[in-house]
Amino acid sequence: MRTLSKSSKLDHICYDIRGPVMEEANRMAEMGEEILKLNIGNPAPFGFRAPQPVLDAISGQLTETEGYSDSKGLPAARHAILHYEASKGIPNLDIRDIYTGNGVSELITLSMQALLNSGDEMLVPAPDYPLWTASVTLAGGTAVHYICDEQSNWYPDIEDMRRKITPKTKGIVVINPNNPTGALYPKELLEQIVQLAREHELILFADEIYDRLVMDGKTHTSIASLAPDLLCVTYNGLSKSHLIAGYRCGWMCVSGNKDGAKGYMEGLNLLSSMRLCSNVPAQSVIPTALANLNTTKELLVPGGRIYEQREYITRALNDIPGVTAVKPEAAFYIFPRLDRKKFGLVDDERFALDFLRKKHILITHGAGFHWETPDHFRVVYLPEIEVLKTACGRLAEFLRDYHQN
Ligand code: PLP
């Protein structure tokens, strides 16, 4: 009888929603222990509700959305996406080059599968949203990580990016606003990335799912708007801006210079039709959602939940001896640093496990985001301030006498 190999080609890939820390949390939960989960960017469990117009839109269209749609999505949804992305200055958009997906997640995987051959390299940030590295690897490519620099607001280190480009490099992934750091990149920095892509004829992959969760009066620039002469793929969706992660509603649009991209686009079309289509009721809310962009804005200004929670978590973490954290400008994540020497840190996964077992709080260690030095972790600051207070209090207590050696 043929024996099945028990390993997977993704075995060596870290992914923050699996692995020993998650398994331990599940085991503890099964034993009836209460775990405070600060590990996943899912707004609904923390009391965030979908905007009413979106709820009305989905319930009003259920009977009309029972069948498959065009494999790229409902025309009305794609027109609304085209209008939205064009309003951000993205050039050369065509309705035929807009794809809806079961979340951005599906489209990241699909677009890497369509592009990469064995040995191809993709520049991916470190820290990254780990699905990117996993998708590049699953497609047979190699994720080459460029450093985002904590000393410079977690902005990408352009020189490091430049050093890591080889003849095998196909593209650059830019996650802006960023998960896990919460950084928002200024236009000047994006222009430098575009210039690098231009010099080496690379494709830009722009994950912009947090573009509508920006604070402090700042604005988000779509990198594709700066690169009319390059091939760009921009990803966005409603999971975060409209607090409906469970609907699985995302999209991707191809823009800019599409000369020479015919084969790639055919690959995208093939893979898109192989999954038949994305969730049609979810697609049906896109026109309403994109006509109601202000429904969650109140969360992001002084007095709003996300804003105030960001203010609190940044202060509280920086008040803990041995912890420092750059203040995020967007999304709802913060990526604090632990003093490696003070805590004798050699293994950040062990830190996350020790903290979980002792204090029943689930965070994600830095290696889960391909951050090599074992001295960071990510906190999702979606819970109310009272809950964050409890979490920070327990962390301070835990770290008071924590040492790994
Ligand atoms: N991209 C980034 C940077 C994310 O943080 C996430 C989810 O947390 C996704 C993509 C996936 O989003 P979706 O719910 O649309 O699949």
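Data block above holds the structure.
Residues numbered from 1 in each chain as written. Predicted model: local features only at pLDDT ≥ 70, side-chain atom pairs only at ≥ 80, totals over all residues. Heavy atoms only, no water.

Looking at the packing of aromatic side chains
Part 1 of the reasoning: Following the criterion strictly, the structure yields 16 aromatic pairs and no others.
Part 2 of the reasoning: Judged by centre distance (5.5 Å) and plane angle (50°), the rings of phenylalanine 351 and phenylalanine 377 are tilted. Placement of the pair is phenylalanine 351 in helix α13 (residues 348-359) and phenylalanine 377 in strand β15 (residues 377-380), with a sequence separation of 26 residues. Neither residue differs from the other here; phenylalanine 351 and phenylalanine 377 are each classed as buried.
Part 3 of the reasoning: One aromatic cluster is present, built from ring pairs that chain together Phe351, Phe355, Phe377, Phe398 and Tyr402.
Part 4 of the reasoning: Sitting over the face of the ring of phenylalanine 48, arginine 305 holds its NZ or CZ atom 4.0 Å from the ring centroid. (Phe/Tyr/Trp six-rings, centres within 6.5 Å; stacked < 30°, edge-to-face > 60°. Helix = DSSP H or I, 4+ residues; strand = E, 2+ residues; numbered from the N terminus. Buried < 20%, exposed > 50% of the residue type's maximum accessible area, 1.4 Å probe, protein only. Lys NZ or Arg CZ within 6 Å of the ring centre and 35° of its normal.)

A short note on the sheet that holds strand β3 (residues 121-126)
Part 1 of the reasoning: As summarised here, the arrangement of the eight strands in space is β2-β9-β8-β7-β6-β3-β4-β5, forming an open sheet in which the pairing is mixed. Single-partner strands in this sheet number two, and they are β2 (98-101) and β5 (155-156).
Part 2 of the reasoning: By the bridge criterion, four bridges tie strand β7 (residues 203-207) to strand β8 (residues 231-237) in an arrangement that is parallel. When the bridges of β8 are listed, leucine 204 appears paired with cysteine 232. (Pairing = 2+ DSSP bridges.)

So, unusual backbone geometry
Part 1 of the reasoning: The step from alanine 126 to proline 127 runs through a cis peptide bond, and the omega angle for that step is 0°.
Part 2 of the reasoning: When you line up the elements, proline 127 lands in the loop between β3 and α5 (131-138).
Part 3 of the reasoning: The step from asparagine 176 to proline 177 runs through a cis peptide bond, and the omega angle for that step is -10°.
Part 4 of the reasoning: Within the element layout of this structure, proline 177 appears in the loop between β6 (169-175) and α7 (187-200).
Part 5 of the reasoning: Its identity is not glycine, yet histidine 360 carries a phi of approximately 60°, on the positive side.
Part 6 of the reasoning: Mapped onto the elements of the fold, histidine 360 is located in the loop between α13 and β13 (361-362).
Part 7 of the reasoning: Residue class for histidine 360 comes out partly exposed when judged on its relative accessible area of 21%.
Part 8 of the reasoning: Located in the positive-phi region is histidine 370, a residue other than glycine, with phi close to 60°.
Part 9 of the reasoning: Mapped onto the elements of the fold, histidine 370 is located in the loop between β14 (364-365) and β15.
Part 10 of the reasoning: Given a relative accessible area of 12%, histidine 370 falls into the buried group.

Description of the sheet that holds β14
In any sheet, the strands associate via hydrogen bonds between backbone groups, in a parallel or an antiparallel arrangement.
Part 1 of the reasoning: With antiparallel pairing, the three strands of this open sheet are ordered in space as β11-β15-β14. Looking along the sheet, the strands with just one partner apiece sit at the ends: β11 (333-334) and β14.

Some details on α5
Part 1 of the reasoning: Burial analysis of α5 places seven of its eight residues in the buried class, which makes it a mostly covered element.
Part 2 of the reasoning: By the burial criterion, the buried members of α5 are Leu131, Trp132, Thr133, Ala134, Ser135, Val136 and Thr137.
Part 3 of the reasoning: Next to the buried residues of α5 lie α4 (103-115), β3, β4 (142-149), β6, β7 and β8.
Part 4 of the reasoning: Among the residues trailing α5, glycine 140 stands out with phi positive, at a value near 95°. (Contact = heavy atoms within 4.5 Å.)

Thoughts on the site of the ligand
Part 1 of the reasoning: With respect to spatial proximity, 13 residues lie near the ligand, and among them Val104, Ser105, Asp207, Tyr210 and Ser239 are the closest.
Part 2 of the reasoning: Between the ligand and asparagine 179 there is a distance of 2.7 Å, counted from an oxygen atom to a side-chain nitrogen or oxygen.
Part 3 of the reasoning: The contact in question runs from an oxygen atom of the ligand to an N or O atom on the side chain of arginine 248, over 2.7 Å.
Part 4 of the reasoning: Bound to the protein, the ligand loses 94% of the 400 Å² it would expose on its own.
Part 5 of the reasoning: Examining the composition of the shell around the ligand, we find that three residues originate from one element, α4, more than from any other.
Part 6 of the reasoning: Considered class by class, the residues forming the shell around the ligand number six nonpolar, four polar and three charged. (Near = heavy atom within 4 Å. Polar contact = N/O pair within 3.5 Å; in protein donor to acceptor, adjacent residues only side chain to side chain. Areas by Shrake-Rupley, 256 points an atom, 1.4 Å probe, with all protein chains shown as cover. Nonpolar A, V, L, I, M, F, W, Y, C, P; charged D, E, K, R; others polar.)

What to know about the layout of surface pockets
Unfilled space is identified by rolling a water-sized probe across the atoms.
Part 1 of the reasoning: Of the volumes computed, that of the second largest pocket is approximately 310 Å³.
Part 2 of the reasoning: Lining the second largest pocket are 16 residues, with Asp211, Arg212, Val214, Lys218 and Lys297 positioned closest to its centre.
Part 3 of the reasoning: Classifying every residue of the lining of the second largest pocket gives seven nonpolar, three polar and six charged. (1 Å grid on protein atoms, 1.4 Å probe; cavity = no way out; pocket = protein on both sides within 12 Å on 5 of 7 lines; lining within 4 Å. Points joined across faces, edges and corners; volume = space filled by probe spheres on them.)

The analysis is restricted to geometry; functional conclusions fall outside its scope.
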